[in-house]
Amino acid sequence: MSELKELLWVERFRPVRLVDLVDQEGVKVGLLEFVRRGDLPHLLFYGPPGVGKTTAALALAREFYGESWRSNVLELNASDERGIDVIREKVKEFARTVATGPVPFKLVILDEADNMTSDAQQALRRIMEMYAASTRFILLANYISGIIEPVQSRCAIFRFNPLPREAVIERLRQIAKEVGIQASEDGLEAIWETTQGDLRKAINTMQAAATISKVIDKETVYKVVGRVEFKVIDEFLENALGGRFEDSRRAMRNIMYTYGISGVELLKYIQEELLINDRFKLPIDAKVEVSELIADIDNRLVFGSDEEIQLTALIAKLAAIGSKYGFKTTQEGGAKPSEKPTTRKGTRK
Amino acid sequence: MSQRRLPWFEKYRPRSLKDVVNQEEVKKTMEDWIRRWLDGKERRALLLSGPPGTGKTTMVHALAHDYGLELYEMNASDVRTAARIREVVGKALNQGSLFGFRGKLVLFDEIDGINVKADQGGISEIVDIIKEAKVPIAMTANDPWDPKLRPLREACIVVQVKPLKNRDILEVLRRICSAERVKCDDDALKLIAESSMGDMRSAINDLQLVAETGPVTKDRVSLLSSRAHQYDMFKVVDMVLKANTVSSATAVTRLPSFDWESLMLWLTENAAVAYSSSVSALSDAYDNLSRADVLRGIMLSKQEWELMPYLLELMTAGVALVRNKPKLPFFIRGMRFPEKIRLLARTREVRETRDRVMHMLRTQLHESSSTIIRDYIPLVRILAQRDSKIINTLARALGVSEGSVKLIINPESAEGQGE
């Protein structure tokens, strides 16, 4: 544990106490009040990634249980547990033993709760009721709209705001000082630019940049950003849009079976690369079509039963969009995207 | 070029009985039978029975050729009614032969393909036809002991055609290879011969399939033709892709061996191979496959089996009838076994290890797998590039082997090592 903590700055500098949480003043006040009273309702934390939801939940656990928090907390992730039945079994097992120490309840932290289907959330609601005497749930979600009303109404809801620029940069500056690296203003600015309010990403980016140089400036940051992202995703997209179906399918299978990225995740990457990072400089009409396509495939994935079929369909449609808008790759013969990690390239001329 | 399109089993079908390998007893029986007919000493029909691809039809053709007879051929499974059979036989009886044939020979191919119920007394009608016939009638059937053929057996001379020996098939395959100027590993040919189970046609088809899509090596043969099921799926996929109407596309769903889940996988793999030249055909085909998959998801989760017909139509007709469908060659090059199945088998170990390491990382980092893959693994990869001791540190922290850590950090190279 301690070794991993030494290795990764995100872990090493994760605030242990609620008061040390970056920003989120309103949340802190509310949670500290629960600590003072010594009791807790079910909680729902929602907000974008990397703003402190997990950190707050873990810090809250520490406030209640002190160093024995581990034995009183069950961490679950809705997207990793295979179905509501697994969650039910684990909660049942966990709730069977009484809490150690003075606190009369144990804590279940359920991450990515908004990824659960509404059927599963109905079941979750019953589980919350069934074990209400001995457990409290903290649900973590990116979007509150993804949580069904009956679950919402059983929770005290806390909204986590995107972290303001100043707070992120200040935090990065502190960390840089502690680990003994120099971070220039434009370097920190560049990290903020590429990660926005996601502190986890920001810290990871800074650590990656620190492997290249002791002085972190704009150039070093942009150098590592290309590396942090997946080249395989670009390879997949470039081949799909360029109409090289089989190459794209090979990349897709590589992503799914070798890298272990799920279909839904892959859609997120695609959306990010094509629409947000604008990696391939598609015309606006093409982006609209891509956006519709991703939404459609995402929807089909919910009902469908085979990710590979759905993603293969996605490739075929991307090829159609690519051909409609005359997508051309700069590499001749459809070679893979450049192996050079430094370039963020717009591949379309 | 047009020669290439011809199926090899057609191209190299023996024209004369003397070119038919082995089967000496059968040939002798047939020749004796036809001579007796021509001498007016025989009235019975001939029923050749035996497994597929043993040369039954070929030998009847060869017999007609050797004795200068005009052949009237009908496939009993196509011609559904006895009335129609009578019509054809009647024609054979009444029309004078052109081109100076010595006589006539009628062939009812695949007589056991006749559907007793639909053909309203089909078999007994055929028995009557045989009894009245003034021309020799030869028939072929796969299973002579099929109960519905019993009345027929009594009106016929039944000849059993045995499966061909491996060495006979091998001999023919070698001849074809040298005639086609294809370089073939002898091991590969042996394997084709063995896995054909005495079926010459499927052996030749397999050879053509392998030869026209790449080098004829043992590995490629075992991939393409060792399993009968696989071979059948090639045919089914081919039928779907080449269908031009809804009814011909959905016809495969009525095959006795039809397996819709496998077919879905196979079509997903191979539609791209067949339609690679047309973006809109590709896009239509996969759109419909994906819709079929959605129906499947709903059908399975809600147990709504009444969705099945729509699913089957979408996955067959939806793939066959697409915009700008390219013209497909006789042999679609590059058709293959679904990669997904192979990959899942090949990457099983990798995936299990990954799951184990992921589980450790999840608990220690309080993160989901997707966040770890997305936000942490790339960082660790960079850290490890600079300082390889990191791998050891991580392995100890997680209580797993260094190899497992490497696999997570660099899945592609780890997989490469495994092979």
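Treat the numbers as computed from the prediction; the structure is a model and nothing was measured.

Enquirer: Would you take a moment to explain the overall build of chain B for this structure?
Expert: Looking only at helices and strands, chain B features 22 helices and 5 strands. Within chain B, the fraction of its 419 residues that count as buried is 54%. A separation threshold of at least 6 residues defines the contact pool for chain B, and within that pool the share at least 24 residues apart is 74%. Carbon and sulfur atoms provide 51% of the accessible area of chain B, an area that totals close to 19,800 Å².

Enquirer: Even after reading the chapter, I still don't get the overall build of chain A, so can you show me in this structure?
Expert: Secondary structure summary: chain A contains 17 helices and 7 strands in total. Here chain A, with 349 residues, has 54% of them falling under the buried criterion. Sequence-distant contacts in chain A: of pairs separated by 6 or more residues, those separated by 24 or more amount to 72%. Accessible area for chain A stands at about 15,200 Å²; split by element, carbon and sulfur atoms hold 51% of it.

Enquirer: Whenever I open this one, the interface of chain B and chain A confuses me. Can you help?
Expert: In many reports, interface size means the accessible area that the parts give up when they come together. On the side of chain A, 58 residues touch chain B, which itself brings 58 residues to the contact. Carbon and sulfur atoms supply 57% of the area buried between chain B and chain A, which totals about 5,400 Å² over both sides. Applying the counting criterion to the chain B and chain A interface returns 11 salt bridges. Measuring nitrogen to oxygen at the nearest pair gives 2.8 Å for the salt bridge that ties glutamate 246 of chain A to arginine 336 of chain B. At the junction of chain B and chain A, the tally comes to 22 residue pairs in polar contact (both at pLDDT 80 or more). When residues of the side of chain B that touches chain A are traced back to their parent elements, those giving at least two are α14 (260-274), α15 (279-302), α17 (339-346), α18 (348-365), α19 (369-386), α20 (389-398) and α22 (411-418) of chain B. Of the residues that constitute the side of chain B that touches chain A, the class distribution is 24 nonpolar, 14 polar and 20 charged.

Enquirer: Just checking my understanding: could you explain the environment of tyrosine 131 of chain A for this structure?
Expert: With respect to the helices, strands and loops of the structure, tyrosine 131 of chain A is situated in the loop between α7 (118-130) and β4 (135-141). Here the alpha-carbon distance between tyrosine 131 of chain A and alanine 95 of chain A, two residues 36 residues apart in the chain, equals 6.9 Å.

Enquirer: I keep staring at the sheet that holds strand β5 (residues 155-159) of chain A and nothing clicks. Help me out?
Expert: Sheet strands associate in pairs through backbone hydrogen bonding, adopting either a parallel or an antiparallel arrangement. Residue and element names in this part refer to chain A. Here we have 5 strands laid out as an open sheet, ordered β2-β3-β4-β1-β5, and parallel in their pairing. Each having just a single partner strand, β2 (73-77) and β5 make up the two edges of the open sheet. Geometrically, the sheet is characterised by an average inter-axis angle of 15° between neighbouring strands, direction not taken into account. Where strand β3 (residues 106-111) and β4 come together, 5 bridges link them in parallel fashion. Looking at β4, one finds that lysine 106 is bridged to threonine 135. Across the face of the sheet, α7 comes into contact with β1 (42-46), β3, β4 and β5 while running at roughly 150° to β4.

Enquirer: Is there a simple way to explain the pattern of salt bridges in this structure?
Expert: Pairing is possible between side chains of opposite charge, provided their charged atoms come close. All names here are of chain A. Scanning the model with the defined rule gives 48 salt bridges over all chains in all. Salt-bridge contacts for arginine 279 lead to glutamate 273; the nearest nitrogen and oxygen are separated by 3.4 Å. For arginine 279, a relative accessible area of 7% corresponds to the buried category. On the basis of relative accessible area, glutamate 273 is assigned to the buried category, the value being 5%.

Enquirer: I tried to follow the packing of helix α9 (residues 165-179) of chain A against helix α11 (residues 199-212) of chain A on my own but got confused; where do I start?
Expert: Each pair of packed helices can be summarised by the angle the axes make with each other and by the distance between the axes. Residue and element names in this part refer to chain A. Two elements in contact, α9 and α11, have axes separated by 11 Å at closest approach and are oriented at 35°. Where α9 crosses over α11, the handedness of that crossing is right-handed. Counting all contacts with α9, which are made through Val168, Arg171, Leu172, Ile175 and Ala176, the residues of α11 involved are Leu199, Ala202, Ile203 and Met206. Looking at the contact of α9 with α11 residue by residue, the classes come out as 8 nonpolar, no polar and 1 charged.

Enquirer: Looking at this structure, how should I read the packing of aromatic side chains?
Expert: Think of a pair of aromatic rings as described by two things: how far the centres are apart, and how the planes are tilted against each other in angle. All names here are of chain A. By the definition in use, this model includes 9 aromatic pairs over all chains. Each ring, one from phenylalanine 45 and one from phenylalanine 158, has its centre 5.8 Å from the other, and the planes form 85°; the classification is edge-to-face. One end of the pair, phenylalanine 45, is in strand β1; the other, phenylalanine 158, is in strand β5, and 113 residues separate them in sequence. When the centroid spacing of 5.9 Å and the interplanar angle of 70° are considered together, the rings of phenylalanine 280 and phenylalanine 327 count as edge-to-face. Linking phenylalanine 280 in the loop between α15 (263-276) and α16 (284-303) with phenylalanine 327 in the segment after α17 (307-324), this pair joins segments that are 47 residues apart in sequence. With respect to burial, phenylalanine 280 and phenylalanine 327 carry one shared label: buried.

Enquirer: Explain the confidence of the model for chain B here, please?
Expert: Any region with low pLDDT has predicted coordinates that should not be read closely. Residue and element names in this part refer to chain B. Averaged over every residue, the pLDDT of chain B is 82; the share at 70 or more is 87%. When the elements of chain B are averaged for pLDDT, helix α1 (residues 2-5) gives the smallest value, 50, and helix α16 (residues 308-320) the largest, 94. For this predicted complex, the interface confidence comes out at an ipTM of 0.78, alongside a pTM of 0.60.

Enquirer: What is the right way to read the sheet that holds strand β5 (residues 156-160) of chain B from this model?
Expert: Residue and element names in this part refer to chain B. Spatially, the 5 strands line up as an open sheet ordered β2-β3-β4-β1-β5, and their pairing is parallel. Of all the strands in the sheet, just β2 (69-75) and β5 have a single pairing partner and so form its edges. Taken pair by pair, the neighbouring strands of this sheet meet at an average axis angle of 20°, ignoring direction. Inspection of the sheet shows strand β1 (residues 45-49) paired to strand β4 (residues 137-141) by 4 bridges, in the parallel sense. Across the sheet, residue leucine 46 finds its bridge partner in β4, namely alanine 138. Lying over the sheet, helix α4 (residues 56-66) contacts β1, β2, β3 (103-109) and β4, oriented at roughly 175° with respect to β3.

Enquirer: Hey, could you run me through the environment of leucine 255 of chain B in this one?
Expert: Residue and element names in this part refer to chain B. Within the element layout of this structure, leucine 255 appears in the loop between α13 (246-250) and α14. Taking the relative accessible area as the measure of exposure, leucine 255 reaches 31% and is therefore partly exposed. Expressed as a C-alpha distance, the spacing of leucine 255 and valine 236, which sit 19 residues apart in the sequence, is 9.0 Å.

Enquirer: For this particular structure, what's the right way to read α14 of chain B?
Expert: Working note: α-helix, 3.6 residues per turn, so residues spaced by three or four point in the same direction. All names here are of chain B. Its 15 residues give α14 an end-to-end C-alpha distance of 19 Å, which sits within 8% of 21 Å, the value for a rise of 1.5 Å per residue. For α14, the principal kink sits at threonine 268 and spans about 30°. Of all 15 residues that make up α14, 13 are buried, and the element is covered over most of its length. Near the N-terminus of α14, the side chain that reaches the backbone nitrogen of glutamate 261, with its oxygen 3.2 Å away, is that of aspartate 259.

Enquirer: Looking at this structure, how should I read the confidence of the model for chain A?
Expert: Model confidence for chain A is summarised by a mean pLDDT of 86, while 92% of its residues fall at 70 or above. Of the regions scoring below 50 in pLDDT, residues 331-349 of chain A engages in 43 contacts with residues more than four places distant in sequence or in other chains.

Enquirer: Honestly, the nonpolar core in this entry has me stumped. Any pointers?
Expert: For soluble globular proteins, the rule of thumb is that nonpolar side chains tend to be buried together. Leu31, Phe45, Met206 and Phe236 of chain A together with Leu241 and Tyr275 of chain B are the most contacted members of the largest nonpolar core, which has 155 residues in total. Residue contacts for leucine 241 of chain B: discarding those within four places in its chain leaves Leu267, Asn270, Ala271, Ala274, Tyr275, Val319, Lys325, Leu328, Ile332 and Met335 of chain B. Residues Ile87, Leu124, Phe137 and Ile147 of chain A belong to the second largest nonpolar core, which totals 27 residues.

Enquirer: How do you make sense of the pairing of β4 of chain B when you look at a structure like this?
Expert: All names here are of chain B. Among the 5 residues that make up β4, 5 are buried, leaving the element largely enclosed by the rest of the structure. Judged by which residues are buried, β4 turns out to be covered on both faces: Ile137, Met139 and Ala141 on one side and Ala138 and Thr140 on the other are all buried. In this sheet, β4 lies alongside β3 in parallel orientation, the contact comprising 3 bridges. Bridge pairing links leucine 107 to alanine 138 in β4.

Definitions and limits used
- Residues numbered from 1 in each chain as written.
- Chains lettered and ligands numbered in written order.
- Predicted model: local features only at pLDDT ≥ 70, side-chain atom pairs only at ≥ 80, totals over all residues.
- Heavy atoms only, no water.
- Helix = DSSP H or I, 4+ residues; strand = E, 2+ residues; numbered from the N terminus.
- Buried < 20%, exposed > 50% of the residue type's maximum accessible area, 1.4 Å probe, protein only.
- Contact = heavy atoms within 4.5 Å.
- Areas by Shrake-Rupley, 256 points an atom, 1.4 Å probe, with all protein chains shown as cover.
- Buried area = accessible area lost by both parts, 1.4 Å probe.
- Salt bridge = Lys/Arg side-chain N within 4 Å of Asp/Glu carboxyl O.
- Polar contact = N/O pair within 3.5 Å; in protein donor to acceptor, adjacent residues only side chain to side chain.
- Nonpolar A, V, L, I, M, F, W, Y, C, P; charged D, E, K, R; others polar.
- Pairing = 2+ DSSP bridges.
- Axes fitted to C-alpha atoms, helices over the stretch in contact; angles between N-to-C directions.
- Left-handed = near helix turned anticlockwise from the far one by under 90°.
- Phe/Tyr/Trp six-rings, centres within 6.5 Å; stacked < 30°, edge-to-face > 60°.
- pLDDT = per-residue confidence, 0-100.
- Expected span 1.5 Å × (residues − 1).
- Bend = angle between axes of the 7 residues up to and from the residue.
- Core = buried A, V, L, I, M, F, W, Y, C linked by side-chain atoms within 4.5 Å.

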